[in-house]
Amino acid sequence: MGTNSDRSSGRDGEDGALYATASANGTYTMPTARQRGGFRYLTVFLDTSGWVELTGVSLHFTAAPGKANPADYANYFSSSDDLLNRIWYAGAYTVQLNTIASNQGRAWPPPASEWDNGATVGVGDSVLVDGAKRDRTVWPGDLGIAVPTQYAYSNDLTSTRNALTTMYNVQSAEGEIPWSGPPFNLTGSDTYHTWTLLGTATYYTYTADRTWLDSQWADYKRGMAFITNKIDGNNLLNVTRTQDWARAGQGGENISANALLYAALKGGATLATVEGDSALAASWTAKAAVIKTAANSRLWDASKGMYKDNPTSGLYPQDGNSLAVWYGLTDSTAKSRSIVTQLGTRWGIYGPTTPEWGGNVSPFAGGMELNARFTANDDYGALAQIRRTWGHMLNSDIGTKSTFWEGIKADGGLAYGGSFMSLAHGWSTAPTSTLTFDVLGTAPESATGAYRFVPH
């Protein structure tokens, strides 16, 4: 804390501060574009001599726009474990803070001084973005965790739909969906392209929103063609657009990318059936099957009991192995159990470490591992992971005690560049959906209204 504030604008250096003349009996209202999403404190200082008496401070809650009572969650989670209960609500609150007015995103390029949260970053009245402080922008990979959280706590998926529509609106003529939404519109990520496709199927499963699916179907098919055209002679996706979530080693016949494409093709086959295109559904189902066979043939290392990052790699990543279990790319129960067992050997005091991210603790990749553990019926391991990783973030004196961080250093500290880091990041909220979907055990099986009830 101090007169230079934080680093949320995106340029080098601190954001600085706002200055105003304090008139007698006057008031000051923060300009909308200068509001600081997710901040839990206010620093007021004088840069002249004299004194000012403050007689009142009030706050307008800008997250979840249009919601009359922000505390009125549609759903809830209550168990005999108070820590798990608090973690569920912290994940919900994090994603609530990440649900912003579409015209209150972070401007890019950043201003020369101060900060600007007055950029249009999506369609509609609200949009689900990556973080409350930064980037306040749609990032499709983050949606892979944040959308299930939003569904589990609120059942309000309007901002999810708007985020997905935003990504299709900036799709290239060739079919590539950007790595991030406006105003960045960064390109170059085969994985984030695929996360948008996968998010489309997830959204439809939760909503059965046929009108929206019809409106996006042509773009969806172009996006699927773009990525499936990269399936090589070995029947694996060959990643050439290597941007990802900050992991190292992306590229080639990558396990995480192929697990994502496998899940997207399975979801796409369901959507094609809804759209009445049985031939396309059969084609995508067949592509998914050959990817599964090829991945288990070329990427599985029986001596390690895990998948390699790619056929020539010595890296056995947390994200790819976890996604393979979560999305069913493994071809046996024994492989799924082996993976979660091997992942468990990497735990430190703050939970699973991430070799593809320098041995730090990624709540994003960790959320993939958490889903993998429940999928493999390692319930005790999953609950231990929740308590260790998310319990640390929730109870640490360097956090907010109510939201989840973008990343954790191996020593338990804040990753992602100190004051630049987001402490309310939707990709870090996996326990909210898993506690509902797996521990409580109720989740949608399909968009036809079928639910499973399988308590763990």
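Relevant structure appears above.
Residues numbered from 1 in each chain as written. Predicted model: local features only at pLDDT ≥ 70, side-chain atom pairs only at ≥ 80, totals over all residues. Heavy atoms only, no water.

Asker: Explain the side chain of Asp209 to me, please; I cannot follow it from the model alone.
Answerer: In this fold, Asp209 is placed in the loop between helix H4 (190-207) and helix H5 (210-228). Comment: no salt bridge for buried Asp209; closest opposite-charge side chain is Arg161, at 4.2 Å. A polar contact is formed between the side chain of Asp209 and the side chain of Tyr203, at a distance of 2.6 Å. In this structure, Asp209 is in contact with Arg161, Tyr203 and Tyr204, ignoring residues within four places of it in sequence. (Helix = DSSP H or I, 4+ residues; strand = E, 2+ residues; numbered from the N terminus. Buried < 20%, exposed > 50% of the residue type's maximum accessible area, 1.4 Å probe, protein only. Lys, Arg positive; Asp, Glu negative; His and termini not counted. Salt bridge = Lys/Arg side-chain N within 4 Å of Asp/Glu carboxyl O. Polar contact = N/O pair within 3.5 Å; in protein donor to acceptor, adjacent residues only side chain to side chain. Contact = heavy atoms within 4.5 Å.)

Asker: Teacher, can you tell me more about helix H7 (residues 278-298) here?
Answerer: For an α-helix, 3.6 residues make a turn, and residues three or four places apart therefore share a direction. Spanning 21 residues, H7 covers 30 Å between terminal C-alpha atoms, matching the ideal 30 Å at 1.5 Å per step. Those residues of H7 that fall on the buried side of the exposure criterion are Leu280, Ala281, Trp284, Ala288, Ile291, Ala294, Ala295 and Asn296. Residues of H7 that are buried in the fold lie against H5, helix H6 (255-274), strand E3 (300-301), strand E4 (306-307) and helix H9 (333-344). (Expected span 1.5 Å × (residues − 1).)

Asker: Whenever I open this one, H4 confuses me. Can you help?
Answerer: Over its 18 residues, H4 extends 26 Å from the first C-alpha to the last, a length consistent with the 26 Å expected when each residue adds 1.5 Å. Summarising burial for H4: 15 of the 18 residues are buried, a large majority. Directly after H4, the chain includes Ala208, whose backbone phi takes a positive value near 55°.

Asker: Honestly, the packing of aromatic side chains in this entry has me stumped. Any pointers?
Answerer: Any aromatic ring pair is given by two values, namely how distant the centres are and how the planes are angled relative to each other. Using the criterion set out here, one finds 26 aromatic pairs in the structure. Joined through ring pairs, the aromatic side chains of Trp195, Trp245, Trp357, Phe364, Tyr416 and Trp427 make up one cluster. Above the face of the Phe420 ring, Arg134 is positioned so that its terminal group lies 4.1 Å from the ring centre. (Phe/Tyr/Trp six-rings, centres within 6.5 Å; stacked < 30°, edge-to-face > 60°. Lys NZ or Arg CZ within 6 Å of the ring centre and 35° of its normal.)

Asker: Hey, could you run me through the packing of H4 against H6 in this one?
Answerer: Helices that pack against each other are described as a pair by the angle of their axes relative to one another and the distance between those axes. Close contact between H4 and H6 brings their axes to 9 Å; oriented N to C, the two are set at 40°. Here H6 runs oblique to H4, going by the angle between their axes. Pair H4 / H6 crosses with left-handed handedness. For the pair H4 and H6, the contacting residues are Thr191, Thr194, Trp195, Leu197, Leu198, Thr200, Ala201 and Tyr204 in the first and Ala257, Leu260, Leu261, Ala263, Ala264, Gly267, Leu271 and Val274 in the second. (Axes fitted to C-alpha atoms, helices over the stretch in contact; angles between N-to-C directions. Parallel < 35°, antiparallel > 145°, perpendicular 65-115°, else oblique. Left-handed = near helix turned anticlockwise from the far one by under 90°.)

Asker: Would you mind going over the side chain of Asp190 with me for this structure?
Answerer: Relative to the helices and strands, Asp190 is located in helix H4. With a relative accessible area of 0%, Asp190 lands in the buried category. From its side chain, Asp190 meets the backbone nitrogen of Thr240 in a polar contact 3.0 Å long.

Asker: Help me understand the environment of Asp244 in this model?
Answerer: Note on placement: Asp244 falls in the loop between H5 and H6. Judged by its relative accessible area of 8%, Asp244 falls in the buried class. Asp244 sits 51 residues away from His193 along the chain, and the two C-alpha atoms are 10.0 Å apart. Excluding anything up to four places from it in sequence, Asp244 contacts Trp179, Ser189, Thr191, Tyr192 and Gln250.

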